Amino acid sequence: MNVTQINMTAFGLSERFAVLTTDYPNLLVGRILSQERGLYRVISVRGEQFAETSGKFHYEVGRVSDFPAVGDFVMIDCPKSMGNAIIHHILPRKSVFIRKAVGTAQKEQVIAANIDTVFICMSLNNDFNLRRLERYLSICWESGTAPVVVLTKADLCKNTAEKLSSVEGVAMGADILITSAIEQDGYEQVLPYIKEGHTIALIGSSGVGKSTLINRLLGEKRLNTTGLRKDDKGRHTTTRRELFLLPNGGLVIDTPGMRELGLWNAAQGLDKTFSDIDELSAKCRFKNCSHTTEPGCGIIAAIEGGDLTSERWQSYQKLKAENAYAEDAESYLAAKEQKHKNLAKIIKQKKSKGIIRR
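These lines cover the structure that appears in this document, whether it is placed above or below. Computed from a predicted structure; not experimentally measured.

**Remarks on the overall build of the protein**
Thought 1: The helix and strand inventory of the protein stands at nine helices and 13 strands.
Thought 2: Evaluated residue by residue, the protein yields a buried proportion of 45% over its 358 residues.
Thought 3: Across the protein, every contact between residues at least 6 apart in sequence was considered, and the portion connecting residues at least 24 apart equals 66%.
Thought 4: Approximately 19300 Å² of the protein is accessible, and the part contributed by carbon and sulfur atoms is 50%.

Here it is as structure tokens:
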């Protein structure tokens, strides 16, 4: 019986990734569609199937972010009998969106990989928060992905022009769109970003309209949506990250609402997001200016002159300190992991020589 093969180009397999697959002639390339409880749902030329990482892969992986994530291209071995496919390798990512994992543990979490554009969704009602937007922008720029700010629920806002102006003041270099779910054409502004083989990830708080927008793009209500709570805030509807192929080409990744968005090694992203502050700092009279009481300080002059808000300056300082702490934690964890690997290698060698009994 002939089985129609899946066109992996439609799922984002560009020439770049196709070339990388030639290093593994005995394996198939697949893309991670979703993950749940240690199992991955993968699409390959043979269709969808569940997959798990090989024992060797699991043993040799260095960090949490080295495990497969939604959007990753992986090299898999498909068994002839019924069973899960086995993931042996991840192809080098062209972009990856990483945040600090929720909670007190100093670990990273990959939200999605191999994204071309990130839609940062923020509603124009009570969810509106410029300081949170700065966090999203910093992580997006760090990921190597172009961010687009999508302001949703314009129908619930009475001062749209004012809020748009404030967003423009913090989202330099990013496109800004305004959408409304109640209007039939309220989502058409996003269509120019949808291209065959290109992947878009939607991120934002719960209830900002991510699932509603994806349903519009899919042409059917495949994702559950809910209304606002009495306090005008959204409810969680998406429970996992998942990649969808759109009927007219292009791919979108839906993500759960993020109540916490900690930085993880996002120094370059911060510099990009706060490039205006770097320019102001260059005007300081002294190179080692602390921007507190020194005469001729470019930052102080900008705040007093109204060119920089004190809130944005405080946000910059807070995010810089948070990122520095995360970078120190990452270095410590990497060194600790290497120490354990070196110890395991020594024990294995001694066992092989009979110095340690098995």
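Right, picking up where we left off after that structure.
**Details of the packing of aromatic side chains**
Thought 1: In this structure the tally under the stated criterion is five aromatic pairs.
Thought 2: Taking 4.5 Å as the distance between ring centres and 35° as the angle between the ring planes, the aromatic pair formed by Phe-17 and Phe-73 counts as tilted. With a gap of 56 residues between them, Phe-17 in helix 1 (residues 15-21) and Phe-73 in strand 4 (residues 73-77) connect regions that are remote in the sequence. No difference in accessibility class separates Phe-17 from Phe-73, as the two residues are buried.
Thought 3: The ring of Phe-17 has Arg-16 lying over it, and the distance from NZ or CZ to the ring centre is 4.6 Å.
Thought 4: Here the guanidinium or amino end of Lys-272 rests over the ring plane of Trp-141, the centre of that ring lying 4.7 Å away.

**What to know about the environment of Asn-265**
Thought 1: On the secondary structure map, Asn-265 appears in the loop between strand 13 (251-254) and helix 6 (267-273).
Thought 2: When the C-alpha positions of Asn-265 and Glu-322 are compared, they lie 9.6 Å apart, and in sequence the two are 57 residues distant.

**Regarding the pattern of salt bridges**
Thought 1: This model, assessed by the stated rule, comprises ten salt bridges.
Thought 2: Notably, a salt bridge pairs Arg-93 with Asp-72, separated by 2.8 Å at the nearest N-O pair. Of this pair, Arg-93 sits in the loop between strand 5 (85-90) and strand 6 (96-100) while Asp-72 is found in the loop between helix 2 (55-60) and strand 4, placing the two residues 21 residues apart along the sequence.
Thought 3: By relative accessible area, which is 23% here, Arg-93 ends up partly exposed.

**Thoughts on helix 8 (residues 298-305)**
Three or four residues apart is the spacing at which side chains of an α-helix point the same way, because the helix has 3.6 residues per turn.
Thought 1: Buried residues of helix 8: Gly-298, Ile-299 and Ala-302, and no others. Seen along its axis, helix 8 keeps its buried residues to an arc of 100°; they face one direction.
Thought 2: Just beyond helix 8, the residue with positive phi is Gly-306, at close to 85°.

**Points about the pairing of strand 5**
Thought 1: Bridge analysis of strand 3 (residues 47-53) against strand 5 gives three bridges, and the strand direction is parallel. Bridging across to strand 5, Thr-53 finds its partner in Ile-87.

**Section: the environment of Gly-207**
Thought 1: Position of Gly-207 among the secondary structure elements: in the loop between strand 11 (199-204) and helix 5 (210-218).
Thought 2: Here the alpha-carbon distance between Gly-207 and Asp-127, two residues 80 residues apart in the chain, equals 8.7 Å.

Reading guide: rules and limits
- Residues numbered from 1 in each chain as written.
- Predicted model: local features only at pLDDT ≥ 70, side-chain atom pairs only at ≥ 80, totals over all residues.
- Heavy atoms only, no water.
- Helix = DSSP H or I, 4+ residues; strand = E, 2+ residues; numbered from the N terminus.
- Buried < 20%, exposed > 50% of the residue type's maximum accessible area, 1.4 Å probe, protein only.
- Contact = heavy atoms within 4.5 Å.
- Areas by Shrake-Rupley, 256 points an atom, 1.4 Å probe, with all protein chains shown as cover.
- Phe/Tyr/Trp six-rings, centres within 6.5 Å; stacked < 30°, edge-to-face > 60°.
- Lys NZ or Arg CZ within 6 Å of the ring centre and 35° of its normal.
- Salt bridge = Lys/Arg side-chain N within 4 Å of Asp/Glu carboxyl O.
- Arc of directions from axis to C-beta.
- Pairing = 2+ DSSP bridges.

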